[in-house]
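This is what each chain is made of:
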Amino acid sequence: MLAIAVPNAAESGVFQFVKVALSSMISMFGTYQIAANGIAQSFWSLAALVGVAMGPVFVTVIGQCMGAGDTDSAEYYFKKLLKITVGFSVLWEIMILAAAPFALKFYSISSETRQLVFWLVLIHNLFNALAFPFADSLGRGLRACGDVKFPTGLTMFTTICVRLTLSILLAKILGLGVIGIAIAMAADWIVRGIVLWIRFQSGRWKSKKVISECL
């Protein structure tokens, strides 16, 4: 069990560390950017529901297929669930984006802040629909196969080397502020999603077994 628990704990620790670092960075920006980021986070949490909800589905379905030794069914459901996740994510993100201008009317904020929130929601929703299913749900499916170390190591690498590093470059050095942090987040998902898709296509996950790795 430690072969699964320890890597996941390390991944969670790295993510929280980067989250704190980015929060500290955001606190140094202007007031309207801090306010815009805080409001956008509320929309982001709502927009992420489809991807978060589909994660356990991947774990359950793929895990059962691999537990039965049926790698062909696992591959079939990998692709089918990815299509479902992307399809529902696109529809859901469009709905959230369409409702954002109306919802923002209930906030007592400046027009500059309102416009920034919309751009943040747009960036997040676009890549949450197209990249996040590959960066998160696909990775969960691979973990369910027993291929734990690769997705976990990749997540820690992209979180630090892509999200954190690119956030510093775009937000601080190039002066893009919270927009730069949102772009870095999207870049993290894109890089991770591409690598995980290559890993899936390689078929190496088919030889993994959760129980044998733990023993």
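Since this is a predicted model, take the numbers as computed values, not measurements.

Participant: Please clarify how the packing of helix α4 (residues 71-104) against helix α5 (residues 111-130) should be interpreted in this entry.
Facilitator: The relative placement of two packed helices is expressed as an angle between their axes plus a distance between the axes. Where α4 contacts α5, the two axes come as close as 8 Å, and the packing angle between them is 175 degrees. Relative to α5, the element α4 is oriented roughly antiparallel. Every residue of α5 that contacts α4 at V86, S89, V90, E93, I96, L97, P101 and L104 is listed here: R114, V117, F118, V121, L122, N125, N128, A129 and L130. Class assignment for the residues of the contact of α4 with α5 results in 12 nonpolar, three polar and two charged.

Participant: Please clarify how the nonpolar core should be interpreted in this entry.
Facilitator: The nonpolar side chains of soluble globular proteins are, as a tendency, buried together. Grouped together as the largest cluster of nonpolar side chains are 30 residues, with contacts concentrated most on F29, F43, V117, L120 and I181. Counting residues per element, the ones that place at least two in this core are α1 (2-26), α2 (31-47), α4, α5, α6 (132-144), α7 (149-173) and α8 (178-202). Counting 18 residues, the second largest nonpolar core, distinct from the first, contains F58, A74, F78 and C145.

Participant: Would you mind going over the confidence of the model for the chain with me for this structure?
Facilitator: Any segment with low pLDDT has predicted coordinates that should not be analysed in fine detail. Mean pLDDT over the chain: 90, with 94% of residues reaching 70 or higher. Highest mean pLDDT in the chain belongs to α8 (96); lowest belongs to helix α9 (residues 210-214) (51).

Participant: What am I meant to see in the pattern of salt bridges here?
Facilitator: Pairing between side chains of opposite charge can happen when their charged atoms approach one another. Tallying each qualifying case throughout the model produces six salt bridges. For the salt bridge of R199 with D147, the shortest nitrogen-to-oxygen distance reads 2.9 Å. Highlighted residues: R199 in helix α8 and D147 in the loop between α6 and α7, separated in sequence by 52 residues. Among the residues examined, D147 registers a relative accessible area of 2% and is labelled buried. Between D188 and R192 there is a salt bridge; the shortest N-O distance is 3.0 Å. Of the two residues, D188 and R192 both sit in helix α8, four residues apart, roughly one turn of that helix. Note on D188: relative accessible area 0%, which makes it buried. Here R192 falls in the buried class, since its relative accessible area comes to 7%. Here the salt bridges do not stand alone but share partners, grouping E75, K79 and K206 into one network.

Participant: Quick question: what am I supposed to make of the packing of aromatic side chains here?
Facilitator: Tallied over the full model, the rule gives nine aromatic pairs. Relative to F106, the ring of F102 has its centre 5.5 Å away and its plane inclined at 80 degrees; by these criteria the two rings are edge-to-face. Like F106, F102 is exposed. Between F200 and W205, the aromatic rings sit 5.5 Å apart at their centres with planes inclined by 10 degrees, giving stacked as the arrangement.

Participant: Help me understand a nonpolar patch on the surface in this model?
Facilitator: A contiguous nonpolar patch, built from I168, L169, I173, L174, L176 and I183 and spanning about 510 Å² of accessible area, is present on the exposed surface. Looking at which element gives the most residues to the nonpolar patch, the answer is α7, with three residues. Along the chain, I173 falls in helix α7.

Criteria and thresholds
- Residues numbered from 1 in each chain as written.
- Predicted model: local features only at pLDDT ≥ 70, side-chain atom pairs only at ≥ 80, totals over all residues.
- Heavy atoms only, no water.
- Axes fitted to C-alpha atoms, helices over the stretch in contact; angles between N-to-C directions.
- Helix = DSSP H or I, 4+ residues; strand = E, 2+ residues; numbered from the N terminus.
- Parallel < 35°, antiparallel > 145°, perpendicular 65-115°, else oblique.
- Contact = heavy atoms within 4.5 Å.
- Nonpolar A, V, L, I, M, F, W, Y, C, P; charged D, E, K, R; others polar.
- Core = buried A, V, L, I, M, F, W, Y, C linked by side-chain atoms within 4.5 Å.
- Buried < 20%, exposed > 50% of the residue type's maximum accessible area, 1.4 Å probe, protein only.
- pLDDT = per-residue confidence, 0-100.
- Salt bridge = Lys/Arg side-chain N within 4 Å of Asp/Glu carboxyl O.
- Phe/Tyr/Trp six-rings, centres within 6.5 Å; stacked < 30°, edge-to-face > 60°.
- Patch = residues over 30% accessible without salt bridge, like charges linked within 9 Å, V, L, I, M, F, W, Y side chains within 5 Å.
- Areas by Shrake-Rupley, 256 points an atom, 1.4 Å probe, with all protein chains shown as cover.

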